[in-house]
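Here is how the chains run, residue by residue.
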Amino acid sequence: MNLFKGFYPVAILFLIMTQTSHARDMSGRLGVGYLNEFIASTPSISVKYGMTKDMAVQGLAGFDTAIPTSSTFGGKIFKNLFYESNMNFYAAFGLAYVKTQRSGVEILSLIGAEFFIPGIESLGLSFEAGASVSNVSGSFAVKTVGFSFLQAGTHFYF
């Protein structure tokens, strides 16, 4: 018995409908906010720019001078996959130099969504899930990750 037999037509219909939906077009808009995804657990100031309706880039920097010091410097690239009227679903790739007690590089491969509360269209809240590859611990580590909007970021768009 195939448990997903009735699911396929619904999934195909959903994909067709989302392609005709109106997207939240963030092209040419600059968002300023925060991000706390990378392994250093140092909240970073983030600047996100919508290059086109489908692509966005993000730069980030965060530091903590308390002992032990930590810092994060990096960026992300976003590609929108599906659109809703108040939400964009995307794939993202992130790369950061991370320094805690040791330093190294962390790479993130994610899927996620940024949603906008109706009436507050300039405020974007993100959540993401995917995988992380890092050498910060002194050895090569791969792990799955999931981030709520408290870590994946909140941005105010101008």
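These numbers come from a predicted model, not from an experiment. (Residues numbered from 1 in each chain as written. Predicted model: local features only at pLDDT ≥ 70, side-chain atom pairs only at ≥ 80, totals over all residues. Heavy atoms only, no water.)

Draft legend 1. Representation of the overall build of the protein within the structure. For the protein, the count of helices and strands is 2 helices and 9 strands. Start at the N end of the protein and walk to the C end: the helices and strands fall as α-β-β-β-β-β-β-β-β-α-β. Among the 158 residues that make up the protein, the fraction classed as buried is 35%. If you take every contact in the protein between residues at least 6 apart in sequence, the share linking residues at least 24 apart comes to 49%. (Helix = DSSP H or I, 4+ residues; strand = E, 2+ residues; numbered from the N terminus. Buried < 20%, exposed > 50% of the residue type's maximum accessible area, 1.4 Å probe, protein only. Contact = heavy atoms within 4.5 Å.)

Draft legend 2. Region of the structure containing the nonpolar core. If you look at the biggest cluster of nonpolar residues, it comprises 15 residues, and the most contacted ones within it are F38 and L110. At the level of secondary structure, the elements contributing two or more residues to this core comprise β3 (55–64), β5 (87–99), β6 (103–117) and β8 (141–147). Counting residues per element, this core draws most heavily on β5, which supplies 4 residues. Leave out the neighbours within four places in its chain, and F38 touches L60, T72, G94, L95, A96, V98, E106 and L108. (Core = buried A, V, L, I, M, F, W, Y, C linked by side-chain atoms within 4.5 Å.)

Draft legend 3. Structural context of the environment of I77. Among the structural elements, I77 can be located in strand β4 (residues 70–84). Put simply, I77 and Y49 are 28 residues apart on the chain and 9.8 Å apart in space, counted from C-alpha to C-alpha. In contact with I77, not counting residues within four places along its chain, are M55, A56, V57, A91, A92 and F93.

Draft legend 4. Representation of the confidence of the model for the protein. A residue-level look at the protein finds 85% of positions with pLDDT of 70 or above and a mean pLDDT of 84. Looking over the protein, one finds the lowest element-wise mean pLDDT in helix α1 (residues 7–20), namely 47, and the highest in strand β2 (residues 44–50), namely 95. In the predicted structure, residues 13–21 sits below a pLDDT of 50 and forms 7 contacts with residues beyond four places in sequence or in another chain. (pLDDT = per-residue confidence, 0-100.)

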